[in-house]
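# Structural overview for review
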Amino acid sequence: MLMNYLKCFQLLLFFLLFINSRPLPAQTLFLGAGKNPEVRITASDQWNQNFWQDSALAQSVFDGSGLNYDLYNASRFLYQATLGANMDEVKRTASMGFENWITEQFNLPASNLSKQLDEVLDEVVDWYYVNGGDSIDEPSYFYSLHFNYAWWQMNLTNRDKLRQRVALALSEILVVSANSDVGGNARGMTSYYDVLIRNAFGNFRDLLMDVSLHPAMGIYLSHLNNPKSNPRENIRPDENYAREIMQLFTIGLYELNPDGTRKKDSLGRDIPTYTQRDIQELAKVFTGLSFSEIMPNQWIDTPQFGVNIYLGIPTKPMRMFDQWHEPGPKQILGGHIIPSGQSGMKDIEDAIDVLFHHPNTAPFICKQLIQRLIKSNPSPAYVARVSSVFEKNKKGERGNLASVIQAILMDDEARTCEWLEHPDNGQLREPLLRYTHFVQAVGVEQYYGRLWNSGYDFLDNAGQHPLHALTVFNFFLPSHQPKGALTDQKLVGPEFQIHNARTGIGFLNQVNNWIYDYVLYSWENNDVSSVLTLQELDRLARDPEALLNRLDILLTHGRLSDRNRQYIKTAMNTLRRGDFRNDRSRLALYLIMMSPDYAIFK
Amino acid sequence: MNSYSRRKFLGQISCAAVGYTTLYNSLLNLKGINALAASAGLLDKDYKALVCINLSGGNDSFNMLVPTSPNEYQTYQKVRSNLALSRQELLNLQVRNTPGRTFGLHPSMSGLQNLFNQGKAGFVSNIGTLLEPTRRDDFYNDRTALPLGLFSHSDQAQHWQTGIPQNRSNIGWGGRMADLIRDMNTEDKISMNISLSGSNILEVGNEVIEYVIDRRQGSIGIRDYRPDNMYDQFNIAKSQAIDSILAQNYSDAFEKTYTDVIRNARDGHLKFKDALDHGPVIQTPFSDNYLSESLQMAAKTISVHEKLGFKRQIFYVDFYGWDHHDEVLNNQTEMLGQLSDAVGEFYAAIQELGLGSQVTLFCISEFGRSLTSNGNGTDHAWGGNVFVMGGDVKGGNIFGQYPDLDLNSDLNVYEGVIIPETSVDLYFAELALWMGVKPFDLPYVLPNIGNFYDIRSGKPPLGFLNI
């Protein structure tokens, strides 16, 4: 859309050159963004009201406010760097510049989801008493629902936007899901998510270690209470975490070049990174872990190996019980020998080191982060540039995620017009991000200051919600290739794996709910819900062009096509009389959210 | 050649002696049968459906089907140690084709037990992905080609759905089957491949893709689309704009992919919903869980196949959650129970519709699990056991070869992983032949079938269906 606009002005320039006898220097002259060299332009439709600021006036084009390039650009950047932004934030970011914005974000303190959960739970209990409940049945079972409430409350009120965007991306790589015993414990879930938040701008090795020792991961991938071998009983260590930490969290299945492409052997085949034996050996390393703290109870005073999930406290890192740890040396990844006689925790540290330093880890992780934030098909060169920052940032540090994120966001491939127009560029916006983006862009009324959302309806109908993937393979695979044009062009489209007849329409019906019923929904206090703040948009809607300009900045970052814009405008104009006037903004919102112009992020 | 013109083309062929490919021959034959059936009013007898239940995660199926003859049970008990089910709790199976060997079924599966003993269900044992027959020594010495990504969920799940374990393909054998036989159907807007569980690879072909519906609501429609109320200006305007936006050609690959799904969903829904709303009421009660509800919707869809214009349909349900590294005994007790009940309910519903011999339900699972325990669970393995159910199934039998569970057997690797002896190709080939694919067309559906089966032999691949 942006390029179309600029090309359009080039055409206009030549046209005017032709009809205007005065010669104009070609290369440095341009129209728009304040420049207006002795040219007068009129629009065929001057419908506007003088007393509204944003109207379709011809001169808006020339003073720059009509062209809106800076705002489109900032809005687009903010979609990559946050879960969504409103007009104020778009303007602020446009004026301060992206580098400064990122620096500001790096310096903000991290929000704490567990603290947010505490506040939510306090209120839940308060409302229980306000509604006449007694202390006998005071609510005490807090589960994924409450995690969801806290997640929305935090992400609609926080300042550390970039950090939370990264935390969400990490949650789709280092997956833990409520579709397991983890879902029954809200505190375990928020505590795990806090690990991702805390380490989002930290070091990847710390992140790996913290994730590996978190009880939620221990439950999810079953290395909590994983005992050493018992050969007499044919019992050997559980291989689940050992396999997935390699396959999904660090090195993947096949050897990679630094640019993310696969290495090939002399026969042109992929080269596996590990064997079944490697898994069995690494499985030995992840033995002996159990809860480090337990709830007060009538049976035992101190934590023991084997304590179950109802007694163990899921918010403190697991600890090692060496007598349950597999003794002996472990030969992992076909070469590295973890020597005998060490503590179990030292074994784990050594194994994490090996995985952290493996040459695959940089491209494997970096490519996925680019896919989450920027585009589904980054060029190998882009991946290589970011990988090299992971390998060694400016201070010589390996695995610094802040440096990696900055490299991803500020790379030419994420920022320039030329790359924006590249046919490989693009990404189906994740349903969840379409949701948060929409809410932030339009604004929402708080009910008692609350912005809780249960999210289950959205999860069911649109297929996605934080920490609710069906399996450890996230909602979609990085390599998913939907049939049709993308396969023909050898491109991947991970997010399409959850875009089908049911969820595609399901998402639209969710949008329908948002604009007409409620945009956030919670079950407490007689089904409290939040609605959109539409006053500003309703005001703009008297001039459909003005409203569409606003939404084109906020939602489509300038990419609303002329044709679809016309269809939406036509639709809006049919609602002219009486009560239907206010529905113009609702209609415009729905149609934009439904359009491919919005659904596909470029 | 699109669907319409191919049908028109075939309709003008007067005789088969004009040297067409086998593909067109089989389609011609089927069209001939159709015409006959139509005129004789035997439309319904021609209908067939496959229902696939994917036990994703990897079912520990050597605790689903257990050997109970003395020596074999002793081996089982020793190898599986604290995970071994006791002889008394296992349900008795009256197996017809394994003289000298007896077998039991997991205690939660009385529904399946009844179906088996009535001859409506059978097992295929020690089945898995293979490129060529493989034994232990071959495996350890790299003597045979092996499926890619053995023991990895994503890879093995993919191979069970593609039938091409030497590649990572995104086209499934069910999709390729549909490519071939969908001309038997008159409906061409709604896909013959229906999914109750979202996108999958199995149902995607070179032409066909799956149509995803909801297990409770059926197809999902745009809310308030084209309202009857002519004063509902909002929704009238909304619908018109939606239609205009969807009517365009999008050249961008991402935009096109996004829009095609929405457009197809819009188009399919109205017809689908109308058919479902006017379909027969199925009296058979179904349980209140994901799997039963999914099978219930499958049964409902099957009940209106005529109105929808289908002679052939494939259904896919993903009953997920079988990756029991932890608590395998407790988990299986619950989940195998749900599975058995749901299958029983489904069979009863299909009987109610009078389609007992025309629907075949089969399950798949990306791998079996290690015979040995990891404490209270099991890890990824390879060969496993699956079952099929339906009126046309030669039930009461165990097909394939139930393996020796001893850790020293020459099919046993890595302390408890069993190399399959029956390739999934044979399993799928039999289902394809039953659905009407001709033997000479099998390689299109299953490119590796020649490694395991002679398509000219005239014998069934495994023999569990009346072909």
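### Some words on the overall build of chain B
The helix and strand tally for chain B stands at 14 helices and 14 strands. Over its C-alpha atoms chain B spans a radius of gyration of 23 Å, differing by no more than 12% from the 23 Å that the globule rule assigns to 467 residues. Here the C-alpha coordinates of chain B stretch approximately 75 × 55 × 45 Å along the principal axes. Burial status across chain B gives 63% buried among its 467 residues. Within chain B, residue pairs in contact and separated by at least 24 positions form 71% of the contacts whose partners lie at least 6 positions apart. Surface accessibility of chain B: about 17000 Å² in total, with carbon and sulfur atoms responsible for 48%. Positive and negative side-chain charges in chain B, numbering 38 and 51 respectively, have mean positions lying 7 Å apart.

### Some words on the pairing of strand β10 (residues 384–390) of chain B
Counting buried residues in β10 of chain B gives seven out of seven residues, a clear majority hidden from the surface. Covered by surrounding structure in β10 of chain B are Gly384, Val386, Val388 and Gly390 of chain B together with Asn385, Phe387 and Met389 of chain B, the residues of both alternating faces.

### A closer look at unusual backbone geometry
Residue and element names in this part refer to chain B. For Asn126, which is not glycine, the phi torsion reads 45° and is therefore positive. Along the chain, Asn126 turns up in strand β5 (residues 121–128). Residue Asn126 is classed as buried on the basis of its relative accessible area, which comes to 0%. Despite not being glycine, Phe151 shows a phi value in the positive range, around 75°. Counting through the fold element by element, Phe151 comes out in the loop between α5 (136–140) and α6 (153–162). Residue Phe151 is classed as buried on the basis of its relative accessible area of 4%.

### A few points about the packing of aromatic side chains
Per the counting criterion, the structure on display carries 46 aromatic pairs over all chains. Both rings, one in Phe356 of chain A and one in Phe390 of chain A, keep their centres 6.3 Å apart while their planes meet at 50°; by these two values the pair is tilted. Placement of the pair is Phe356 of chain A in helix α14 (residues 344–357) and Phe390 of chain A in helix α16 (residues 380–391), with a sequence separation of 34 residues. Judged by centre distance (5.6 Å) and plane angle (85°), the rings of Phe139 of chain B and Tyr414 of chain B are edge-to-face. Taken together, the positions of Phe139 of chain B in helix α5 and Tyr414 of chain B in the loop between β12 (412–413) and β13 (417–418) put the pair 275 residues apart, joining distant regions of the chain. Classification of Tyr414 of chain B as buried rests on a relative accessible area of 12%. The structure contains a cluster of three or more aromatic residues connected by ring pairs, namely Trp151, Trp152, Tyr435, Phe438, Phe458, Phe507 and Trp514 of chain A. Over the face of the ring belonging to Tyr590 of chain A we find Lys238 of chain B, whose NZ or CZ atom lies 4.7 Å from the ring centre.

### Side note on the side chain of His223 of chain A
Residue and element names in this part refer to chain A. Relative to the elements of secondary structure, His223 occurs in the loop between α11 (215–220) and α12 (240–247). Residue His223 is classed as buried on the basis of its relative accessible area, which comes to 1%. A polar side-chain atom of His223 sits 2.8 Å from the main-chain carbonyl oxygen of Ser212. Residues within four places of His223 in sequence aside, it is in contact with Ser212, Met217, Gly218, Tyr241, Phe286, Leu289 and Met318.

### Thoughts on the side chain of Ser197 of chain B
Following the sequence through the fold, Ser197 of chain B ends up in the loop between β6 (193–195) and β7 (211–212). Beyond its immediate chain neighbours, meaning those up to four positions away, Ser197 of chain B contacts Tyr290, Tyr316, Val317 and Asp318 of chain B.

### Brief notes about the sheet that holds strand β2 (residues 65–67) of chain B
All names here are of chain B. Read across the open sheet, the three strands follow the order β2-β4-β3; overall the sheet is antiparallel. Of all strands in the sheet, those bounded by a partner on one side alone are β2 and β3 (91–93). When the angles between neighbouring strand axes are averaged without regard to direction, this sheet yields 40°. Here β3 pairs with strand β4 (residues 103–105) via three bridges, running antiparallel.

### Looking at the confidence of the model for chain A
All names here are of chain A. Across chain A, pLDDT averages 90, with 87% of residues at or above 70. Taken as a whole, residues 14–22 scores under 50 in pLDDT and shows five contacts with residues more than four places along the chain or in a different chain. pLDDT under 50 marks residues 49–55. Its contacts with residues more than four places away, or in other chains, come to eleven contacts.

### Description of the environment of Asn206 of chain B
Relative to the helices and strands, Asn206 of chain B is located in the loop between β6 and β7. In sequence terms Asn206 of chain B and Leu295 of chain B are 89 residues apart; their C-alpha atoms lie 27 Å from each other. The residues contacting Asn206 of chain B, other than those within four sequence positions of it, are Lys483 of chain A together with Ile171, Arg176, Asp179 and Tyr444 of chain B. At a separation of 3.3 Å, a polar atom in the side chain of Asn206 of chain B contacts the side chain of Tyr444 of chain B.

### Overview of the interface of chain A and chain B
Bring the parts together and some accessible area is lost; that lost area is often taken as the interface size. Contacts between the two partners involve 78 residues from chain A, matched on the other side by 71 residues from chain B. Two residues, Asp379 of chain B and Arg236 of chain A, come together in a salt bridge whose shortest N-O distance is 2.9 Å. The tally of links from chain A across to chain B stands at 34 residue pairs in polar contact (both at pLDDT 80 or more). If you list the elements that add at least two residues to the side of chain A that touches chain B, you get α12, α13 (276–285), β5 (427–428), α22 (485–488), α23 (501–516), α27 (562–574), α28 (583–594) and α29 (596–599) of chain A.

### Remarks on the pattern of salt bridges
What the rule picks out here adds up to 54 salt bridges over all chains. Two residues, Lys569 of chain A and Glu545 of chain A, come together in a salt bridge whose shortest N-O distance is 2.9 Å. One end of the pair, Lys569 of chain A, is in helix α27; the other, Glu545 of chain A, is in helix α26 (residues 544–554), and 24 residues separate them in sequence. In this structure, Lys569 of chain A and Glu545 of chain A share a single accessibility class: buried. Measuring nitrogen to oxygen at the nearest pair gives 3.0 Å for the salt bridge that ties Arg226 of chain B to Asp243 of chain B. Within this pair, whereas Arg226 of chain B is found in the loop between β7 and α8 (233–247), its partner Asp243 of chain B is found in helix α8, the two being separated by 17 residues in sequence.

### Concerning the environment of Met177 of chain B
All names here are of chain B. Looking at the element boundaries, Met177 is found in helix α7 (residues 173–181). Looking at Met177, the relative accessible area reads 0%, which means it is buried. When sequence neighbours within four positions are dropped, the list of residues in contact with Met177 reads Leu50, Ile314, Ala432, Met435, Val437 and Val445.

### Quick word on the pairing of strand β8 (residues 312–318) of chain B
Residues and elements named next belong to chain B. Counting buried residues along β8, seven of its seven residues qualify, which places the element largely inside the surrounding structure. A two-sided burial pattern is seen for β8, the buried positions comprising Arg312, Ile314, Tyr316 and Asp318 on one face and Gln313, Phe315 and Val317 on the other. Examined bridge by bridge, strand β1 (residues 48–54) and β8 share seven bridges and lie parallel to one another. Note on β8: the bridge partner recorded for Leu50 is Ile314. Here three bridges tie β6 to β8, and the two strands are oriented parallel to one another. When the sheet's bridge partners are listed, Ile194 is paired in β8 with Phe315.

Parameters and conventions
Residues numbered from 1 in each chain as written. Chains lettered and ligands numbered in written order. Predicted model: local features only at pLDDT ≥ 70, side-chain atom pairs only at ≥ 80, totals over all residues. Heavy atoms only, no water. Helix = DSSP H or I, 4+ residues; strand = E, 2+ residues; numbered from the N terminus. Rg over C-alpha atoms; globule rule 2.2 N^0.38 Å. Buried < 20%, exposed > 50% of the residue type's maximum accessible area, 1.4 Å probe, protein only. Contact = heavy atoms within 4.5 Å. Areas by Shrake-Rupley, 256 points an atom, 1.4 Å probe, with all protein chains shown as cover. Lys, Arg positive; Asp, Glu negative; His and termini not counted. Charge placed at Lys NZ, Arg CZ, Asp CG, Glu CD. Phe/Tyr/Trp six-rings, centres within 6.5 Å; stacked < 30°, edge-to-face > 60°. Lys NZ or Arg CZ within 6 Å of the ring centre and 35° of its normal. Polar contact = N/O pair within 3.5 Å; in protein donor to acceptor, adjacent residues only side chain to side chain. Pairing = 2+ DSSP bridges. Axes fitted to C-alpha atoms, helices over the stretch in contact; angles between N-to-C directions. pLDDT = per-residue confidence, 0-100. Salt bridge = Lys/Arg side-chain N within 4 Å of Asp/Glu carboxyl O.

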